Amino acid sequence: MKIYIDASKFKDMLLCADALIGSNVRQINELNVFPVPDGDTGTNMSLTFNTAAAELRKRDFESVGKVADCTASALLRGARGNSGVILSLLFRGISKELKGNEIMGSAELANALNAGVEAAYKAVMKPAEGTILTVSRLAAKAAVEAANAGAAVEGVLKCAVDAGQDALEDTQKINPVLKKAGVVDAGGMGYLLMLKAMLASLRGEMEASAEQNNTSEIGDAAAFGVFDTEEITFAFDTVFIVRKAQPDVDLTALRAYLDSIGDSLVIGEDDGSFKVHVHTNIPGDALSEAQKYGTLELAKIENMRTQHDDILAGRKAQSTDDLERIEKELEEQESECAVAAPEKKYGVVTVCAGDGLTALFNELGADRIVTGGQTMNPSTDDILTEINKTPAETVFVFPNNKNIFMAAEQCIPLTGKKVVVMRSKSVAQGISAMLSFNPDNEEEQLKEDMDAAMENVHTAMITYAARDSDYDGHEIHCGEYLALLDGALIGSHRDLETLFGQLKNSIEIYDPEFISIYYGEDVTEAQATEAAGYLSDRFTDAETNVVYGGQPVYYYMISIE
């Protein structure tokens, strides 16, 4: 039985975790409470872990601390959805605990798992039990107890898995929503699969594949295009430590500069020094800029250019004969990552999918659009890129989906711009807020007006049931039209007019004055007009508008004010 884990084994354990989560994406997605085709917890966790696996495959590591640091850094920027963000938070704590450790014994493993839990609970504003947080907490608690009792690393991890399994089963009892749906927590399932894969790897029962797991090929019947998730690769892995000139030196400008010349940026600091990890093509410039803030003590630079596009396409990696072309491509990539200088006080970044909705947000004054939403939550890095491209001092971000809140909020410390995340739960709320956006107002007044506008909006969604389900006593059949109002299930039916009848009964309590119907890419204008008639015949005093949204998956998004 192994008594410690070295860097090579730890790397293999994490690559196995990526593989096992990836192979169970559909099963995790199916644990989502509603049977709508945007059940993406598994997809989010797998795509988040994919970013770490891609970085881990690029090189070998001399210590478990370096493996953990690389993993945490990649997960931070690659985090998608709440589940992906929480996964990144867990590894942020693990990384801090393992910093400087060459190997990992039972105590180090247990303490790292526990530190991850503490970091996640500290970062989440309102931790909810019966979720991935519960599973990770009880798994870590069992690991600490096992380590204190003298168990070896395999025994510690086995106790964590067993306790995690029990905790996962209990999520159905703790969380009333899960209890009604008769399922366990999807995020907790993903975390448990990670632990199981790590244990299987440690025992030699599972080996990591040399190829990257491709989560983008996994999905339900949702009519949504696959997004490009390839990472921009910079040539030099640059790590250095600078002794601060002053204990309270502000590193905001340095962070913004380094982020403009590379990626995978992580800056850790204490009162006396700070450590930078960045992938860049101009490491000399990075070192020179950092010396404005103190004295350079240590630097390590490794060339890690992989020409990932060619390798992923099965082509031979380019040689130095192509240097001129490669340098031009890298310059274009650097330009894409540059931070736009502020030309105005306020800017807006919004998330949506659909050419009609994109055009509408642009007309309302949005500076940048992050493509994504229900079935493909954008990553922290996707949102951060658009924030940095916005030529404003303060950038308001509209996630338009509660599952994107945390990914958006993770951008706040990663940019030199001030970021204000507006908690818009739907595209309809985002549109209403933008209609009240007055750039002449002060920030607090702006935020107050937009919050008030969003509070007055209720959102109904018409989609289809992706699978058979029994939710809260309501029997749902695959393929039926399905209606939601503010996220709550209203009903399902084979006949759309009958379903709209159920929806009207629920909407009536709001006595709407304005009803806007945004129709999707699979709906004709004539069909949308007919659907609008189902509502206007009941709410005769309300102003009803039909607008092309072009969104996938959801036939209709209906704004009720």
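In this text the structure is predicted, and so the values were computed from the model without any measurement.

Q: So what's going on with helix H12 (residues 283-290)? Which residues, and what values?
A: Where H12 is concerned, the buried positions are Pro283, Ala286, Leu287, Glu289 and Ala290. Taken down its axis, H12 places every buried residue within 165° of arc, on the same side.

Q: Quick rundown of the pattern of salt bridges? Include the residues and the values.
A: Overall, the coordinates contain 19 salt bridges when judged by the stated rule. A salt bridge links Lys9 to Asp12; the nearest nitrogen and oxygen atoms lie 3.8 Å apart. Separated by three residues within a single helix, Lys9 and Asp12 lie in helix H1 (residues 7-23), roughly one turn from each other. Residue Lys9 shares its accessibility class with Asp12, and that shared class is buried. Between Glu443 and Lys418 there is a salt bridge; the shortest N-O distance is 2.9 Å. With a gap of 25 residues between them, Glu443 in helix H19 (residues 443-455) and Lys418 in strand E8 (residues 418-421) connect regions that are remote in the sequence. Exposure remark for Glu443: the relative accessible area of 16% places this residue in the buried category. One salt-bridge network, held together by shared partners, links Arg77, Asp259 and Asp381.

Q: An account of empty space enclosed by the protein is requested, with residue identities and associated values reported.
A: The full count for this structure, using the stated rule, is two cavities of 30 Å³ or more. Along its surface, the second largest cavity is lined by Phe10, Phe91, Ile94, Leu98, Met104, Leu109, Ala112, Leu113, Met194 and Met198. Elements with a minimum of two residues in the lining of the second largest cavity: helix H5 (81-98), helix H6 (106-123) and helix H10 (186-202). Along the lines of polarity and charge, the residues of the lining of the second largest cavity split into 10 nonpolar, no polar and no charged.

Q: Report on the sheet that holds strand E5 (residues 344-352), specifying residues and quantitative values.
A: Taken together, four strands build an open sheet; the order of strands is E6-E5-E7-E8 and the sheet is parallel. Where the open sheet ends on each side, the last strands, each with one partner, are strand E6 (368-371) and E8. The average undirected angle you get between the axes of adjacent strands in this sheet is 25°. Bridge analysis of E5 against E6 gives four bridges, and the strand direction is parallel. Note on E6: the bridge partner recorded for Cys352 is Thr371. In the packing of helix H15 (residues 355-363) onto the sheet, contacts are made with E5 and E6, and the angle to E5 comes to roughly 165°.

Q: Provide a residue-level description of the packing of aromatic side chains, including the pertinent values.
A: Throughout the structure, instances matching the rule amount to eight aromatic pairs. Here Phe49 and Phe91 contribute two aromatic rings whose centre-to-centre distance is 6.0 Å and whose plane-to-plane angle is 90°, an arrangement assigned as edge-to-face. Of the two residues, Phe49 sits in helix H3 (residues 41-56) while Phe91 sits in helix H5, which places them 42 residues apart along the sequence. We classify Phe49 as buried; its relative accessible area is 1%.

Q: Go over the nonpolar core, please, and point to the residues and values.
A: Counting residues in hydrophobic clusters, the biggest one holds 88 residues, and the most contacted among them are Phe10, Phe91, Leu113, Met194, Leu195, Ile383 and Val397. Among the elements that line this core, the one with the most residues is H10, at 10 residues. Not counting chain neighbours up to four residues away, the residues in contact with Phe10 comprise Ile5, Val64, Val67, Ala68, Leu98, Met104 and Met198. Counting residues in hydrophobic clusters, the runner-up holds 30 residues, among them Tyr346, Cys352, Leu357 and Ala366.

Q: Please set out the environment of Lys9 residue by residue, giving values where relevant.
A: We classify Lys9 as buried; its relative accessible area is 19%. Sequence separation of Lys9 and Ser201 is 192 residues, and the distance between their C-alpha atoms is 8.0 Å. Contact partners of Lys9, with chain neighbours within four places excluded, come to Lys2, Ser201 and Leu202. A polar contact is formed between the side chain of Lys9 and the backbone oxygen of Ser201, at a distance of 3.0 Å.

Q: Describe in detail the sheet that holds strand E13 (residues 488-493), supporting the description with residues and values.
A: If you trace the six strands from one edge of the open sheet to the other, you get E13-E12-E9-E16-E14-E15, paired in mixed fashion. Taken across any chain shown, the strands that pair with only one partner, and hence form the sheet edges, are E13 and strand E15 (543-548). Neighbouring strand axes in the sheet, compared pairwise and without regard to direction, differ in orientation by 15° on average. Helix-sheet contacts for H15 involve strand E14 (514-519), E15 and strand E16 (556-560), and the interaxial angle to E15 is about 115°. Running over the sheet, helix H20 (residues 496-507) touches strand E9 (458-464), strand E12 (481-485), E13 and E16 and is turned about 155° from E13.

Q: Please provide a residue-by-residue account of the packing of helix H4 (residues 64-78) against H5, values included.
A: Two elements in contact, H4 and H5, have axes separated by 8 Å at closest approach and are oriented at 155°. The angle between H4 and H5 places the two elements in the roughly antiparallel class. Helix-helix and strand crossings are classified by hand; for H4 and H5 the assignment is left-handed. Touching Gly65, Ala68, Asp69, Thr71, Ala72, Leu75 and Leu76 of H4 are Leu87, Ser88, Phe91, Arg92, Ser95 and Leu98, all from H5. For the contact of H4 with H5, the per-class residue count stands at seven nonpolar, four polar and two charged.

Q: Give me unusual backbone geometry: which residues, what numbers.
A: A positive phi angle, near 45°, is found at Asp511, a position not held by glycine. As for its placement among the helices and strands, Asp511 is situated in the loop between H20 and E14. Its identity as a non-glycine residue notwithstanding, Val553 has a phi of 70°, on the positive side. Within the element layout of this structure, Val553 appears in the loop between E15 and E16.

Q: Please provide a residue-by-residue account of the environment of Ala163, values included.
A: Mapping Ala163 onto the fold places it in helix H8 (residues 153-174). Dropping the residues within four chain positions of it, Ala163 is found in contact with Leu138, Ala139 and Ala142.

Q: Lay out a nonpolar patch on the surface with the relevant residues and their values.
A: Together, Ile3, Tyr4 and Ile103 give the surface a local cluster of nonpolar side chains, amounting to about 310 Å² of exposed area. Along the chain, the position of Ile103 falls in the loop between H5 and H6. Given a relative accessible area of 39%, Ile103 falls into the partly exposed group.

Q: Outline H10, listing residues and values.
A: Spanning 17 residues, H10 covers 25 Å between terminal C-alpha atoms, matching the ideal 24 Å at 1.5 Å per step. The element H10 is extensively covered by neighbouring structure, given that 15 of its 17 residues are classed as buried. N-capping of H10 is provided by Asp185, with a side-chain oxygen placed 3.2 Å from the backbone N of Gly187. At the exit of H10 stands Gly204, carrying a positive phi of roughly 80°.

Rules used throughout
- Residues numbered from 1 in each chain as written.
- Predicted model: local features only at pLDDT ≥ 70, side-chain atom pairs only at ≥ 80, totals over all residues.
- Heavy atoms only, no water.
- Buried < 20%, exposed > 50% of the residue type's maximum accessible area, 1.4 Å probe, protein only.
- Helix = DSSP H or I, 4+ residues; strand = E, 2+ residues; numbered from the N terminus.
- Arc of directions from axis to C-beta.
- Salt bridge = Lys/Arg side-chain N within 4 Å of Asp/Glu carboxyl O.
- 1 Å grid on protein atoms, 1.4 Å probe; cavity = no way out; pocket = protein on both sides within 12 Å on 5 of 7 lines; lining within 4 Å.
- Points joined across faces, edges and corners; volume = space filled by probe spheres on them.
- Nonpolar A, V, L, I, M, F, W, Y, C, P; charged D, E, K, R; others polar.
- Pairing = 2+ DSSP bridges.
- Axes fitted to C-alpha atoms, helices over the stretch in contact; angles between N-to-C directions.
- Contact = heavy atoms within 4.5 Å.
- Phe/Tyr/Trp six-rings, centres within 6.5 Å; stacked < 30°, edge-to-face > 60°.
- Core = buried A, V, L, I, M, F, W, Y, C linked by side-chain atoms within 4.5 Å.
- Polar contact = N/O pair within 3.5 Å; in protein donor to acceptor, adjacent residues only side chain to side chain.
- Parallel < 35°, antiparallel > 145°, perpendicular 65-115°, else oblique.
- Left-handed = near helix turned anticlockwise from the far one by under 90°.
- Patch = residues over 30% accessible without salt bridge, like charges linked within 9 Å, V, L, I, M, F, W, Y side chains within 5 Å.
- Areas by Shrake-Rupley, 256 points an atom, 1.4 Å probe, with all protein chains shown as cover.
- Expected span 1.5 Å × (residues − 1).

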